[in-house]
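Spelled out, the chains give:
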Amino acid sequence: METYPYGKIETLYERDLETFKVDPSKLKNRTYSLIKSWSFTEKVDGTNIRVIWQDGNLSFGGKTDNAQIHGDLIKHLYETVSPIRLAEVFPDTTAVIYGEGYGAGIQKGGLYSPTKKFIVFDVLVGGRWWLSWENTCDVAEKLGLDVVPFIGEMSLETATSMVRVGFASRLGEGQMRAEGLVGRTAEPLFDKKGARLIVKLKTKDFAR
């Protein structure tokens, strides 16, 4: 059975080989500069989770097939994700819902939530079709799941300035600084190598 691990989201900029901090003057992929406005969501500091719906069966996975998932997070997933709703939304196709397990006991997530939770950030349908953010939100709503906070439409330069300074997380009561931003195109686009145009920016990558 195909398990569809989530690919690495590239950092927007190249890194300085001495400091390992990003260099905002050097884009990792020059194709990024062709997109004038990006849709940015908050990057949540947690553990990658896959909700896999295939052949009428529901299963869960971590970032890799060998990744261990916290027992209470697994319990939360089984209590939260409904196979009945998945069958209604995806009656004839495979779907993978990607999200973050976050909260107390995962990374430094205690200020996000006192309990472990699951929050959606991406959806893959039929093993090949990435949904737009609007459609991802629609699927999550139909399944009764939360989505990562949407921060706004902005240029790469504006997003860089925001992350460089840092900002409060939209989760919890804003007690925690957001890890950063993830940017995607309004509709899924790919470069000449077939790589999806999706980028990340982390505040810690700018700290001196």
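The text that follows walks through the structure, step by step, so that each part is easy to find. Every value quoted in this text rests on a predicted model; they were computed, and no experiment measured them.

### Overview of the nonpolar core
For soluble globular proteins, the rule of thumb is that nonpolar side chains tend to be buried together. Residues Val51, Val81, Leu86, Phe90, Ile97, Phe118 and Val123 are the most contacted members of the largest nonpolar core, which totals 23 residues. Mapped onto this core, the elements with two or more residues apiece are strand E5 (47-54), strand E6 (57-61), helix H1 (71-80), strand E7 (95-102), strand E8 (117-125) and helix H3 (133-143). Contact partners of Phe90, with chain neighbours within four places excluded, come to Trp53, Ala95, Val123, Val125 and Val139. Core analysis: the next-biggest nonpolar cluster, separate from the first, contains 19 residues, Leu12, Trp38, Phe40 and Met154 among them.

### A look at the pattern of salt bridges
Scanning all chains against the criterion turns up 10 salt bridges. Across the salt bridge formed by Lys28 and Glu10, the nearest N and O atoms sit 3.2 Å from each other. Of this pair, Lys28 sits in the loop between strand E3 (22-27) and strand E4 (38-43) while Glu10 sits in strand E1 (residues 10-11), placing them 18 residues apart in sequence. Residue classification places Lys28 among the partly exposed residues on the basis of a relative accessible area of 36%. For the salt bridge of Lys142 with Asp138, the shortest nitrogen-to-oxygen distance reads 3.1 Å. Residue Lys142 and its partner Asp138 are both found in helix H3; the two are separated by 4 residues, about one turn of the helix. Overall, Lys142 belongs to the partly exposed group, its relative accessible area being 48%. By sharing partners, the salt bridges in this structure join Lys43, Glu179 and Lys202 into a single network.

### Overview of the environment of Tyr6
With respect to the helices and strands, the residue Tyr6 is situated in the segment before E1. For Tyr6, a relative accessible area of 10% translates into the label buried. Spatially, the C-alpha atom of Tyr6 lies 9.6 Å from that of Val96, the residues being 90 residues apart in sequence. Excluding anything up to four places from it in sequence, Tyr6 contacts Asn48, Arg50, Lys63, Tyr98, Phe121, Asp122, Trp130, Arg196 and Ile198.

### Let's talk about unusual backbone geometry
The backbone of Tyr4 shows a phi angle near 55°, a positive value even though the residue is not glycine. Along the chain, Tyr4 falls in the segment before E1. Even without being glycine, Phe20 reaches a positive phi, approximately 65°. Positionally, Phe20 belongs in the loop between strand E2 (13-15) and E3. With a relative accessible area of 55%, Phe20 lands in the exposed category.

### Digging into the sheet that holds strand E13 (residues 198-202)
Within the open sheet, the 5 strands sit side by side as E1-E13-E12-E4-E11. Their pairing is mixed. Edge positions in the sheet fall to E1 and strand E11 (150-154), since each has one partner strand and no second. When E4 meets strand E12 (residues 180-184), the two strands line up antiparallel, connected through 5 bridges. What sits directly across from Glu42, in E12, is Leu181. Sheet strands in contact with helix H4 (residues 156-165) are E4, E11, E12 and E13, and its direction is about 140° off that of E11.

### Overview of the side chain of Thr41
The residue Thr41 is located in strand E4 in this model. Owing to a relative accessible area of 3%, Thr41 belongs among the buried residues under this scheme. Discounting chain neighbours no more than four positions away, the residues touching Thr41 are Trp133, Val148, Pro149, Phe150, Ile151, Gly180, Leu181, Val182 and Arg184.

Conventions adopted
- Residues numbered from 1 in each chain as written.
- Predicted model: local features only at pLDDT ≥ 70, side-chain atom pairs only at ≥ 80, totals over all residues.
- Heavy atoms only, no water.
- Core = buried A, V, L, I, M, F, W, Y, C linked by side-chain atoms within 4.5 Å.
- Buried < 20%, exposed > 50% of the residue type's maximum accessible area, 1.4 Å probe, protein only.
- Helix = DSSP H or I, 4+ residues; strand = E, 2+ residues; numbered from the N terminus.
- Contact = heavy atoms within 4.5 Å.
- Salt bridge = Lys/Arg side-chain N within 4 Å of Asp/Glu carboxyl O.
- Pairing = 2+ DSSP bridges.
- Axes fitted to C-alpha atoms, helices over the stretch in contact; angles between N-to-C directions.

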